[in-house]
Protein chains: 2
Amino acid sequence: MARAFEKRLLPGSVSLIVQSGMLSAGFLVDIMSHGVMGVSKVCSIGNKLDIDESDVLSYLIHDPKSLVIGCYLESIVRGQLFIDLCRRSPKPIVVLKGGRTGKGAQAAWSHTASLAGNHEIIRGALAQAGVIEVKDFKELMDVCRTLASAPPVLPKSRPNIAVLTFSGGAGIVFSDFIEESGMAVAELSPETKEKIGRLFPEWMPVGNPVDLFPALEKNRSAGLLVVHEALKAVLADPQVDGIMVHLFAASFRGPIPFEELATQVKAAGKPVCIWLLGERDEVFKIQNEGRIHGIPTFVEIGRAVECMAAIFKNARYRLDCCVSTQPE
Amino acid sequence: MARAFEKRLLPGSVSLIVQSGMLSAGFLVDIMSHGVMGVSKVCSIGNKLDIDESDVLSYLIHDPKSLVIGCYLESIVRGQLFIDLCRRSPKPIVVLKGGRTGKGAQAAWSHTASLAGNHEIIRGALAQAGVIEVKDFKELMDVCRTLASAPPVLPKSRPNIAVLTFSGGAGIVFSDFIEESGMAVAELSPETKEKIGRLFPEWMPVGNPVDLFPALEKNRSAGLLVVHEALKAVLADPQVDGIMVHLFAASFRGPIPFEELATQVKAAGKPVCIWLLGERDEVFKIQNEGRIHGIPTFVEIGRAVECMAAIFKNARYRLDCCVSTQPE
């Protein structure tokens with residue numbers, strides 16, 4: 001096991017508090033060898049004989065190397081303290097709480113002797129404390145790594161999202177997920193439409209989702225320049241808060257100039273999530289480049305949209321938190 | 001593009017009707033190069049100038065090489081006919097309907113001039129016709145490939161699921177998803193508990209989820225024999241309808257004897273879904289072996305449970321369908 005760890009360990013700013021040996025060992029081998037996330041610290045607290053999640057959370061909140069804290073918990077033993085810590089945390093906290101159902105709670109009891117508690121009450125308390133709740137292990141990692149790479153955003157109750165895609169179908173599925181997540185499909189400004197329109201064939205109107213396929217066909221020799229130009233336009237649009245980009249990774253298409261793309265994104269300070277498809281090895285390369293350049297990639301549209309929504313959900317809460325917690 | 005196709009094309013029994021060039025080209029490169037699914041036929045019907053989804057559906061229902069039919073649709077133009085075909089189909093049909101929301105419908109209009117329709121009504125009609133509805137592209141493929149490899153099962157309103165895992169935490173998350181999906185965490189029979197108990201250290205009671213970690217520690221020299229023995233026991237248990245298995249793929253652990261495992265599963269005729277974690281290259285190997293041997297593998301617990309639930313949902317409907325559609 002040690003060998004596998006050494007070979008793949010990626011440094012990062014996500015730290016984890018987990019009540020599961022698997023999550024602090026086997027699962028880390030998985031996420032590391034798939035190149036999706038780097039970690040700072042992982043603490044497995046088992047059945048909490050001497051320390052519990054609140055002790056570790058308090059430490060991680062003060063640890064300068066931990067920017068996002070993810071938790072897998074089977075119980076929350078000092079509930080009031082834990083919720084207080086979450087509420088005042090300047091850092092995002094993501095929680096997967098095992099034992100939401102009767103049978104899950106029973107399994108938690110036999111695993112770590114944890115009393116899982118009434119999940120409706122826990123859900124409400126976590127939400128009020130600005131915690132982002134998830135249901136699955138990879139989802140926990142996906143939301144954490146997204147929050148770790150996101151730029152600071154202004155809180156908005158209904159952020160406007162632009163979609164750049166090569167597929168009309170994907171644009172539709174993106175739109176459905178965006179609307180269902182409580183975000184909005186952005187209305188692009190006239191300037192943006194005009195800039196993108198230059199890339200388009202005449203018969204194609206510019207809308208959002210931006211379906212770049214006809215533009216790609218029209219500018220075949222320009223390669224992925226159309227993506228750059230369209231991305232530049234939506235990044236500059238004051239009516240756009242975040243951008244979903246669909247990329248297709250294929251050896252026959254030439255490399256995606258990731259560094260330039262990342263430079264654009266960083267300068268604009270808007271969150272960008274990539275839905276990445278394509279050939280296995282090429283996907284792996286882009287995934288790694290995305291991680292290095294702080295642009296998260298995803299293999300499912302639904303998850304990509306969920307993670308974008310988490311960025312704004314967290315921002316909304318953290319601002320409320322700073323406004324309401326005046327010096328005491 | 002052709003080269004990528006040739007290199008990776010996998011034969012299979014899933015056929016697709018799609019209203020998206022991406023799904024009949026780019027996305028197929030992705031699922032093929034990742035080794036997750038083989039396909040028989042794919043038909044992209046665009047804006048349906050001369051044929052529509054009902055024409056193709058009718059063809060695929062009669063095509064002996066297509067065992068499962070997956071659809072990505074932006075509209076359903078001859079609604080009554082389509083629903084009738086689905087209702088009488090002896091084969092499972094899985095539908096991703098784009099344009100569930102206002103903005104999604106608007107995007108569908110600009111993509112293929114499709115009138116997406118009122119999704120509440122469509123959802124109800126699809127459900128009554130035994131169609132399994134999904135929301136994302138990979139989810140469409142995951143449900144299709146699972147149904148393509150599943151043995152025929154007896155319909156049960158609340159199927160009982162056994163979970164074999166190496167992680168107490170995973171067992172809990174499995175239990176939560178199983179209960180939330182409308183299935184049940186199986187009560188194992190006394191015989192099964194006794195058989196599995198022989199593998200366990202004395203201090204460990206046998207429950208479901210079956211946490212095999214202590215058994216693995218106790219029988220270190222036996223490698224994955226404990227998984228085989230436990231699997232044999234739950235496959236033989238009349239109180240168990242389906243089994244979720246957690247496997248960890250790692251070079252340091254030696255190969256998983258997949259052929260033996262698949263032989264056991266085939267003989268028992270019960271559906272088994274594997275949640276697969278581990279080192280990237282090893283995961284890829286096992287994923288491919290799983291596909292070849294007809295045991296689907298998944299990288300998320302939630303998706304694995306959803307796909308297991310789809311098997312029983314489909315069986316429940318197909319029997320109702322056969323019972324109620326006497327010769328006309």
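Residues numbered from 1 in each chain as written. Chains lettered and ligands numbered in written order. Predicted model: local features only at pLDDT ≥ 70, side-chain atom pairs only at ≥ 80, totals over all residues. Heavy atoms only, no water.

Q: When you look at the overall build of chain A in this model, what are you seeing that I'm missing?
A: A count of helical and extended segments in chain A gives 14 helices and 11 strands. On C-alpha atoms alone, chain A measures out to a radius of gyration of 21 Å, which is about the 20 Å that the 2.2 N^0.38 rule sets for 328 residues. Dimensions along the principal axes, computed over C-alpha positions, put chain A at roughly 70 × 50 × 35 Å. For chain A, with 328 residues in total, the buried portion stands at 60%. Split by element, the accessible area of chain A, about 13,200 Å² in all, is 57% carbon and sulfur. Taken together, the 35 basic and 36 acidic charged side chains of chain A have centroids lying 3 Å from each other. (Helix = DSSP H or I, 4+ residues; strand = E, 2+ residues; numbered from the N terminus. Rg over C-alpha atoms; globule rule 2.2 N^0.38 Å. Buried < 20%, exposed > 50% of the residue type's maximum accessible area, 1.4 Å probe, protein only. Areas by Shrake-Rupley, 256 points an atom, 1.4 Å probe, with all protein chains shown as cover. Lys, Arg positive; Asp, Glu negative; His and termini not counted. Charge placed at Lys NZ, Arg CZ, Asp CG, Glu CD.)

Q: How should I be thinking about the nonpolar core in this particular structure?
A: One finds Phe137 and Met244 of chain A together with Phe137 and Met244 of chain B to be the most contacted residues of the largest nonpolar core, which totals 110 residues. With residues near it in sequence (within four places) discarded, Phe137 of chain B still touches Gly169, Ala170, Val173, Trp275 and Ile301 of chain A together with Met22, Leu23, Phe27, Tyr72 and Leu96 of chain B. (Core = buried A, V, L, I, M, F, W, Y, C linked by side-chain atoms within 4.5 Å. Contact = heavy atoms within 4.5 Å.)

Q: Any chance you could explain the domain arrangement of chain A here in plain terms?
A: You'll often see interface size given as the accessible area lost when the parts meet. All names here are of chain A. Taken domain by domain, chain A holds domain 1 (2-149) and domain 2 (160-319). A separation of 30 Å is found between the C-alpha centroids of domain 1 and domain 2. Facing the 27 residues of domain 1 at the interface are 17 residues of domain 2. Taking both partners together, domain 1 and domain 2 bury about 1,600 Å²; carbon and sulfur atoms supply 52% of that area. When the buried surface of domain 1 facing domain 2 is broken down by residue, Ile132, Arg145 and Thr146 rank first, second and third, together holding 26% of it. Our count for the contact surface shared by domain 1 and domain 2 stands at 1 salt bridge. Counting across the interface, domain 1 meets domain 2 through 6 residue pairs in polar contact (both at pLDDT 80 or more). (Domains from an automatic or database assignment. Buried area = accessible area lost by both parts, 1.4 Å probe. Salt bridge = Lys/Arg side-chain N within 4 Å of Asp/Glu carboxyl O. Polar contact = N/O pair within 3.5 Å; in protein donor to acceptor, adjacent residues only side chain to side chain.)

Q: Where do I start with the packing of aromatic side chains in this structure?
A: The way to describe two aromatic rings as a pair is by their centre distance and the angle between their planes. Residues and elements named next belong to chain A. Summed over the entire model, instances satisfying the criterion amount to 10 aromatic pairs over all chains. Residues Phe27 and Phe137 carry aromatic rings whose centres are separated by 5.9 Å and whose planes lie at 55° to one another, so their mutual orientation is tilted. Taken as a pair, Phe27 in helix 2 (residues 26-33) and Phe137 in helix 7 (residues 137-149) lie far apart in primary sequence, 110 residues in all. The residues Phe27 and Phe137 share a single accessibility class, namely buried. (Phe/Tyr/Trp six-rings, centres within 6.5 Å; stacked < 30°, edge-to-face > 60°.)

Q: Can you walk me through the packing of helix 8 (residues 168-180) of chain A against helix 5 (residues 102-112) of chain B in this structure?
A: The relative placement of two packed helices is expressed as an angle between their axes plus a distance between the axes. Interhelical geometry of helix 8 of chain A versus helix 5 of chain B gives an angle of 170° and a closest axis separation of 7 Å. As the angle between them shows, helix 8 of chain A and helix 5 of chain B are arranged roughly antiparallel. When the axes of helix 8 of chain A and helix 5 of chain B are compared, the crossing they make is right-handed. Of the residues in helix 5 of chain B, those touching helix 8 of chain A at Gly168, Gly169, Ile172, Ser175, Asp176 and Glu179 of chain A are Lys103, Gly104, Ala107, Ala108 and His111 of chain B. Residue composition of the contact of helix 8 of chain A with helix 5 of chain B, grouped by class: 3 nonpolar, 5 polar and 3 charged. (Axes fitted to C-alpha atoms, helices over the stretch in contact; angles between N-to-C directions. Parallel < 35°, antiparallel > 145°, perpendicular 65-115°, else oblique. Left-handed = near helix turned anticlockwise from the far one by under 90°. Nonpolar A, V, L, I, M, F, W, Y, C, P; charged D, E, K, R; others polar.)

Q: Is there a simple way to explain the state of the cysteines in this structure?
A: What is meant by a disulfide is a covalent connection between two cysteines, made through their sulfur atoms. Summed over all chains, the structure comprises 0 disulfides over all chains. As a non-bridged cysteine, Cys307 of chain A has Cys273 of chain A as the owner of its nearest cysteine sulfur, 6.6 Å distant. (Disulfide = S-S within 2.5 Å.)

Q: What's the story with the pairing of strand 3 (residues 68-73) of chain A in this structure? I'm lost.
A: If a strand is regular, its side chains alternate between the two faces of the sheet. All names here are of chain A. The element strand 3 is extensively covered by neighbouring structure, given that 6 of its 6 residues are classed as buried. Burial along strand 3 is two-sided: Val68, Gly70 and Tyr72 and Ile69, Cys71 and Leu73, pointing in opposite directions, are all buried. Once the chain exits strand 3 it traverses helix 4 (residues 79-88) before rejoining the sheet at strand 4 (residues 93-97), and the crossover so formed is right-handed. (Right-handed = clockwise from strand over helix to strand, strands pointing away.)

Q: What exactly am I supposed to notice about the interface of chain A and chain B here?
A: Residue-level contacts link 63 residues of chain A with 64 residues of chain B. Carbon and sulfur atoms make up 58% of the surface buried where chain A meets chain B, a total of about 5,000 Å² over both sides. At the boundary of chain A with chain B, the tally comes to 10 salt bridges. Ionic pairing is found between Glu180 of chain A and Lys135 of chain B, a salt bridge with its closest N-O pair at 3.4 Å. In this assembly, chain A and chain B are joined by 27 residue pairs in polar contact (both at pLDDT 80 or more). Element by element, the count of residues in the side of chain A that touches chain B is highest for helix 8 of chain A, at 10 residues. Here the side of chain A that touches chain B is built from residues that sort into 24 nonpolar, 17 polar and 22 charged.

Q: Sorry, what's going on with the pattern of salt bridges here?
A: For side chains bearing opposite charge, pairing can occur when the charged atoms are close. Within this structure, the stated rule accounts for 46 salt bridges over all chains. Of the charged contacts in the structure, one is a salt bridge between Arg100 of chain B and Glu180 of chain A, with a shortest N-O distance of 2.9 Å. Of this pair, Arg100 of chain B sits in the loop between strand 4 (93-97) and helix 5 while Glu180 of chain A sits in helix 8, each in a different chain. Since its relative accessible area comes to 36%, Glu180 of chain A is described here as partly exposed. Among the salt bridges present, the one from Arg198 of chain A reaches Glu194 of chain A, with a minimum N-O distance of 3.0 Å. For Glu194 of chain A, a relative accessible area of 46% puts it in the partly exposed group.

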